[in-house]
Amino acid sequence: MRKTHRKIVSGALLCGCALFTLYGASRIAERAEKGALPASLTDLDNEKPIIVLDAGHGGIDGGCTSAEGVPEKGINLDILLRLRDLLEINGYEVKVTRDTDRSIHDEGIVGIAEQKSSDMDNRLAIFNETDNALCLSIHQNQFTDAKYSGAQMFYSNSNKNSEALARALQSRFRELLQPDNNREIKLCGKELFLCYYSENPTVMAECGFLSNPEEAAMLCTEDYREKVAFTLYTGISDFVNRKK
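Reading guide: rules and limits
Residues numbered from 1 in each chain as written. Predicted model: local features only at pLDDT ≥ 70, side-chain atom pairs only at ≥ 80, totals over all residues. Heavy atoms only, no water. Helix = DSSP H or I, 4+ residues; strand = E, 2+ residues; numbered from the N terminus. Buried < 20%, exposed > 50% of the residue type's maximum accessible area, 1.4 Å probe, protein only. Areas by Shrake-Rupley, 256 points an atom, 1.4 Å probe, with all protein chains shown as cover. Pairing = 2+ DSSP bridges. Contact = heavy atoms within 4.5 Å. Axes fitted to C-alpha atoms, helices over the stretch in contact; angles between N-to-C directions. Parallel < 35°, antiparallel > 145°, perpendicular 65-115°, else oblique. Left-handed = near helix turned anticlockwise from the far one by under 90°. Nonpolar A, V, L, I, M, F, W, Y, C, P; charged D, E, K, R; others polar. Expected span 1.5 Å × (residues − 1). Core = buried A, V, L, I, M, F, W, Y, C linked by side-chain atoms within 4.5 Å. Salt bridge = Lys/Arg side-chain N within 4 Å of Asp/Glu carboxyl O. pLDDT = per-residue confidence, 0-100.

Quick notes on the overall build of the protein chain
Now for step 1: Looking only at helices and strands, the protein chain features 7 helices and 6 strands.
Now for step 2: Listed N to C, the secondary structure of the protein chain is α-β-α-β-α-β-β-α-β-α-β-α-α in terms of helices and strands.
Now for step 3: Here the protein chain holds 244 residues, and the buried ones make up 55% of them.
Now for step 4: A total of about 11,100 Å² of accessible surface is found on the protein chain, and carbon and sulfur atoms cover 50% of it.

In structure tokens, the structure reads:
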């Protein structure tokens, strides 16, 4: 494909498989009883979107790290694998950019910068290879001040439905996992390459701050990552159901 010029940024923006747990199953049942969430996604339109999941970073690119030295890349991947299982068990076709700890740059590419450029081009190609797709890039955040915490969704105006997807995901984090999270979804530009150049509804989900000791500690547990995956799943479900 033709390589698209872009700027890879650092800092907060760049740092950015299991069946249902008892938590997940009980929350689905509770929402279904209230009529806000179907008990099964089989009652959606026959034409479900293909879900494309991206675990940010990988391989030599660890992303941001916690104060304890835990890299973002593994947390992103674990959440992706759990989310993939939740989606597949409910009848979705899911594609992923990576399901192991690796960069997906082309063979023969040398140099970290060139490998990163190739890696991002290949991720974008996966985002755009299917017309009927919904794309989610999973990241963790970082900031110089350790007091900041909470998930935040980033989207671009390249697809008119990306904002609605971001709102659905942000709302579920506030409702199910982070009741004190008052963050607003944020419009991005070319600095977020995948979001900006994706042709499908796309969100970069910064699921938490590894620079916050309490949140980082939670993100390093399987139980909390399962809850993050479930929260993302319910946000995706809300968006898809809205399109019925």
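Details of the sheet that holds strand 6 (residues 202-209)
Now for step 1: What the 6 strands build is an open sheet, ordered 2-1-3-6-4-5; its pairing is mixed. Each having just a single partner strand, strand 2 (94-96) and strand 5 (186-187) make up the two edges of the open sheet.
Now for step 2: The pairing of strand 4 (residues 152-155) with strand 6 spans 3 bridges and is antiparallel. Counted as the bridge partner of Met-153 is Ala-205 from strand 6.
Now for step 3: Running at roughly 165° to strand 1 (residues 50-55), helix 3 (residues 112-128) makes contact with strand 1, strand 2, strand 3 (133-141) and strand 6 of the sheet.

As for the packing of helix 4 (residues 162-177) against helix 7 (residues 222-242)
Packed helix pairs are specified by the crossing angle of their axes together with the interaxial distance, meaning the distance between the axes.
Now for step 1: It is the contact of helix 4 with helix 7, at a shortest axis distance of 8 Å, that shows an interaxial angle of 135°. One way to sum up the angle between helix 4 and helix 7 is to call them oblique. Read as a crossing pair, helix 4 and helix 7 show a hand that is right-handed. Contacts between helix 4 and helix 7 pair Ala-164, Leu-165, Ala-168, Leu-169, Arg-172, Phe-173, Leu-176 and Leu-177 from the former with Tyr-224, Lys-227, Val-228, Phe-230, Thr-231, Leu-232, Thr-234, Gly-235, Ile-236, Asp-238, Phe-239 and Arg-242 from the latter.
Now for step 2: Partitioning the contact of helix 4 with helix 7 into residue classes produces 13 nonpolar, 3 polar and 4 charged.

Focus: the environment of Ala-133
Now for step 1: Here Ala-133 shows up in strand 3.
Now for step 2: According to the relative accessible area criterion, Ala-133 is buried, its value standing at 6%.
Now for step 3: Sequence separation between Ala-133 and Thr-202 is 69 residues, and the spatial gap between their C-alpha atoms is 9.0 Å.
Now for step 4: For Ala-133, the contacting residues outside a window of four places in its chain are Pro-49, Ile-50, Val-52, Asn-200 and Pro-201.

Structural notes on helix 7
Now for step 1: The first and last C-alpha atoms of helix 7 sit 30 Å apart over 21 residues, in line with the 30 Å expected at 1.5 Å per residue.
Now for step 2: Counting buried residues in helix 7 gives 16 out of 21 residues, a clear majority hidden from the surface.

Focus: the nonpolar core
Now for step 1: Of all hydrophobic cores here, the largest spans 44 residues; its most connected members are Leu-83, Leu-136 and Leu-232.
Now for step 2: Element by element, the count of residues in this core is highest for helix 7, at 9 residues.
Now for step 3: Not counting residues within four places of it along the chain, the set of residues in contact with Leu-83 comprises Leu-53, Leu-136, Ile-138, Ala-229, Leu-232, Tyr-233 and Ile-236.
Now for step 4: Grouped together as the second largest cluster of nonpolar side chains are 10 residues, Val-52, Leu-124, Ala-133 and Cys-135 included.

Here we look at the pattern of salt bridges
Opposite charge on two side chains permits pairing when their charged atoms draw close.
Now for step 1: For the structure shown, the criterion picks out 14 salt bridges.
Now for step 2: Here Arg-225 and Asp-78 are joined by a salt bridge, their closest N and O atoms 2.6 Å apart. Within this pair, whereas Arg-225 is found in helix 7, its partner Asp-78 is found in helix 2 (residues 72-89), the two being separated by 147 residues in sequence.
Now for step 3: By relative accessible area, Arg-225 is classed as buried at 11%.
Now for step 4: Asp-78 gets classed as buried once you look at its relative accessible area, which sits at 16%.
Now for step 5: Here the salt bridges do not stand alone but share partners, grouping Asp-78, Arg-82, Glu-222, Arg-225 and Glu-226 into one network.

Describing the confidence of the model for the protein chain
Now for step 1: Predicted confidence across the protein chain gives a mean pLDDT of 84, with 80% of residues reaching 70 or more.
Now for step 2: Mean pLDDT across the elements of the protein chain bottoms out in helix 1 (residues 22-33) (43) and peaks in helix 2 (98).
Now for step 3: This stretch, residues 1-45, has a pLDDT under 50; its non-local contacts, to residues over four places away or in other chains, come to 107 contacts.

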